[in-house]
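Coordinate inspection notes
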Amino acid sequence: MSSFSTSFSSPPFLSNHSYRDPSRVRSLSFLSASPQGLNLDDLCVRSQRKLVQSSVAVGDVITKSSPPADKKDGPLSIPSQEADKLLIEESNGGEQKSTVSITVVGASGDLAKKKIFPALFALYYEGCLPQHFTIYGYARSKMTDAELRDMVSKTLTCRIDKRENCGEKMEEFLKRCFYHTGQYDSQEHFVALDKKLKEHEGGRLSNRLFYLSIPPNIFVDAVKCASSSASSVTGWTRVIVEKPFGRDSKTSSALTKSLKQYLQEDQIFRIDHYLGKELVENLSVLRFSNLIFEPLWSRQYIQNVQFIFSEDFGTEGRGGYFDHYGIIRDIMQNHLLQILALFAMETPVSLDAEDIRNEKVKVLRSMRPIQLEDVVIGQYKGTTKGGVTYPGYTDDKTVPKDSLTPTFAAAALFIDNARWDGVPFLMKAGKALHTRSAEIRVQFRHVPGNLYNRNSGGTNLDRTTNELVIRVQPDEGIYLKINNKVPGLGMRLDQSNLNLLYSDRYSKEIPDAYERLLLDAIEGERRLFIRSDELDAAWALFTPLLKEIEEKKTIPEFYPYGSRGPVGAHYLAAKHNVQWGDLSLDQ
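**Here's the deal with the sheet that holds strand β5 (residues 237–242)**
Taken together, the six strands give an open sheet; going across it, the order is β3-β2-β1-β4-β5-β6, and neighbouring strands pair in parallel fashion. Of all strands in the sheet, those with a lone pairing partner are β3 (177–181) and β6 (268–271), marking the two edges. Averaged over all neighbouring strand pairs, the angle between strand axes comes to 20 degrees, with direction disregarded. Here strand β2 (residues 133–139) runs beside β3; their pairing, made up of five bridges, is parallel. If you follow I135 over to β3, its bridge partner there is C177. Along the sheet, helix α5 (residues 166–175) makes contact with β2 and β3, crossing β3 at roughly 35 degrees.

Below is the structure:
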């Protein structure tokens, strides 16, 4: 099957793009952190209506390849009255006129098994997927539908609060899952996939989502084949692309250019699953909807900001992949930098995806080039604890013995704008450390001329300043460290936490990041996905540093498996008059 074409020259996917009225499609999940906001059930009910709205033409459909005058003859042209009638029928439980086909490309891989299929099932379990949908696994491995279902069923779990019909829901979900064996660069195999998708779509208005859970070197081949042979001719077609998005500015730019031969920008959903985590979502809500924080969010009151990521395990057989990228590319250039941009951005004009991403890009473009003297890299070595031997990084059989790839990195970054001038933003990320955690720590300045420094019972209030901690994982929570008086007749001060622990405050299980991001992709909500100019700005910041480290063959500082990381990280923090917040006794 050839893709839908028009009299204008455009990539095959481009003609399938329909305009979405921003006044009718609002960002809902952005409010999910608030008890007064929408819960997941509300979100899913409204997402059903959004799916219909984004699937049909409502009198204002525009395709990038066709002028408005040509709309009347195109397959996307549905009279306004008919579209409204369809919306009413579907919202009232009538027969569904549209369908969503989700194809997981690379379905036999670990990511698909452990994250993508479980996330899709969770969305189905919560009623977030449309009435009619089909899920196809596509990979080179030979497998039947039954074998795929058996593989997927082993990774599915149900929500804690709705466990009673778990088995029934699983069976219903698995009946919607199918498998097609094919090569990623085969037009013929994608034509066969298209034929199967059409059979399941049954003449409905079809929308298609492709999730590329495959190595980046075959992204373009898969997109090319899907574009020409398996794109929707009546609805939208979207593609989710997993990181890494290149290794540097040059390779990232080449990948983006290649993808845009077959896709337009708003059909590419570059996924960074950390942006879908609940506490990262709540970061902007915390700042922009609470008057006590927004006035403090500047260099005048904040002494430093720390973004900390640590894992308590090593590469564990993934060394071959990891050695090609290292911790800076794997964690800092994407996960931590994206969170930094969300943290530091100015107030957006609205919650619209483009308004938010515009502000993030401004932050990234305002950042000072990273200097090598403001960076510490490390690599874990083997050690023995309690009679147990833990392997070093180069003990992994998939890693070269002389590898200099860092498994730990700490860096000081600066934003040269009026709000953040002079404030150090410290990043720290590492594998095989003493704990597993991800958090944002905001350390405020000490109180000038503090009266209680002279009579604080030995407490140094210049060091025990206020600190806001946003714990992304595990045990999601937010707490604020404050100084207060210890009860008693004397004047002795202590530091205590004002604590919001999510597990105590909210009874519902927190959705996995992939659930939110998959739902957003189906809805066409792009706020939590990375735009190409964001990607360019991120690589422009880190590429010179990575090039310098590799050209100079900088030797990483070794640290024992299970430790707190290289000693050099402490000196880096001290250089900027900072103490790592995760190393204090009370944390």
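**Looking at the packing of helix α3 (residues 110–125) against helix α13 (residues 513–523)**
Packing of α3 against α13 leaves a shortest axis separation of 8 Å and a crossing angle of 65 degrees. For the element pair α3 / α13, the angle class is roughly perpendicular. With respect to the hand of their crossing, α3 and α13 are arranged in right-handed fashion. Contacts from L111, K115, I116, A119, L120, A122 and L123 in α3 reach Y514, E515, L518 and L519 in α13. Classifying every residue of the contact of α3 with α13 gives nine nonpolar, no polar and two charged.

**Re unusual backbone geometry**
Residue K243 is joined to P244 through a cis peptide bond whose omega torsion reads 10 degrees. Look at the link from Q473 to P474: it is a cis peptide, with omega at -20 degrees. Mapped onto the elements, P474 comes out in the loop between β14 (467–473) and β15 (477–485). Despite not being glycine, K553 has its phi angle at roughly 50 degrees, a positive value. Following the sequence through the fold, K553 ends up in the loop between α14 (532–551) and β17 (557–560). The phi torsion at N577 lies on the positive side, around 60 degrees, for a residue other than glycine.

**Topic: the environment of D396**
Note on placement: D396 falls in the loop between β10 (388–390) and β11 (408–413). Placed 79 residues apart in sequence, D396 and G317 show a C-alpha to C-alpha distance of 6.5 Å. In this structure, D396 is in contact with T315, E316, G317, R318 and G319, ignoring residues within four places of it in sequence. Among the polar contacts listed, one links the side chain of D396 to the side chain of T398, at a separation of 2.7 Å.

**A short note on the pattern of salt bridges**
As enumerated under the stated definition, the model contains 29 salt bridges in all. Residues D110 and K113 are paired through a salt bridge, measuring 3.9 Å at the closest nitrogen-oxygen approach. With D110 and K113 both in helix α3 and three residues apart, the pair spans about one turn of that helix. The closest approach of N and O atoms between D416 and R368, which form a salt bridge, is 3.0 Å. Taken together, the residues span a long stretch of sequence, with D416 in the loop between β11 and β12 (425–430) and R368 in the loop between α11 (353–365) and β8 (375–381) at a distance of 48 residues. D416 gets classed as partly exposed once you look at its relative accessible area, which sits at 40%. Given the relative accessible area of 33%, R368 is considered partly exposed.

**Examining helix α9 (residues 278–288)**
The α-helix winds at 3.6 residues per turn, so residues separated by three or four positions along the chain end up facing the same way. The element α9 is largely enclosed, with a buried count of ten among its eleven residues. E278, L279, V280, E281, N282, L283, S284, V285, L286 and R287 are the residues of α9 that are buried.

**Observations concerning the pairing of strand β4 (residues 205–212)**
Remark: a regular strand shows side chains that alternate across the two faces of the sheet. Most of β4 sits inside the fold, with eight of its eight residues counted as buried. Along β4, one buried face is formed by L205, N207, L209 and Y211 and the opposite face, lined by S206, R208, F210 and L212, is buried too. Across eight bridges, strand β1 (residues 98–105) lies against β4 in parallel orientation. The residue of β4 that forms the bridge with S101 is R208.

**A word on the pairing of β6**
Side-chain alternation along β6 places I268 and R270 on one buried face and F269 and I271 on a second face that is also buried. Relative to β6, β5 is paired through four bridges, and the arrangement is parallel. Bridge pairing in β6 links I240 to F269. With helix α8 (residues 249–259) bridging β5 and its parallel neighbour β6, the resulting β-α-β unit is right-handed.

**As for a nonpolar patch on the surface**
There is a patch of nonpolar side chains on the surface, built from L404, I555 and F558 and spanning about 310 Å² of accessible area. Along the chain, the position of L404 falls in the loop between β10 and β11. A relative accessible area of 35% places L404 in the partly exposed class.

Here is what the cut-offs are and how they apply
Residues numbered from 1 in each chain as written. Predicted model: local features only at pLDDT ≥ 70, side-chain atom pairs only at ≥ 80, totals over all residues. Heavy atoms only, no water. Pairing = 2+ DSSP bridges. Helix = DSSP H or I, 4+ residues; strand = E, 2+ residues; numbered from the N terminus. Axes fitted to C-alpha atoms, helices over the stretch in contact; angles between N-to-C directions. Contact = heavy atoms within 4.5 Å. Parallel < 35°, antiparallel > 145°, perpendicular 65-115°, else oblique. Left-handed = near helix turned anticlockwise from the far one by under 90°. Nonpolar A, V, L, I, M, F, W, Y, C, P; charged D, E, K, R; others polar. Polar contact = N/O pair within 3.5 Å; in protein donor to acceptor, adjacent residues only side chain to side chain. Salt bridge = Lys/Arg side-chain N within 4 Å of Asp/Glu carboxyl O. Buried < 20%, exposed > 50% of the residue type's maximum accessible area, 1.4 Å probe, protein only. Right-handed = clockwise from strand over helix to strand, strands pointing away. Patch = residues over 30% accessible without salt bridge, like charges linked within 9 Å, V, L, I, M, F, W, Y side chains within 5 Å. Areas by Shrake-Rupley, 256 points an atom, 1.4 Å probe, with all protein chains shown as cover.

That is the geometry; function is a separate question.
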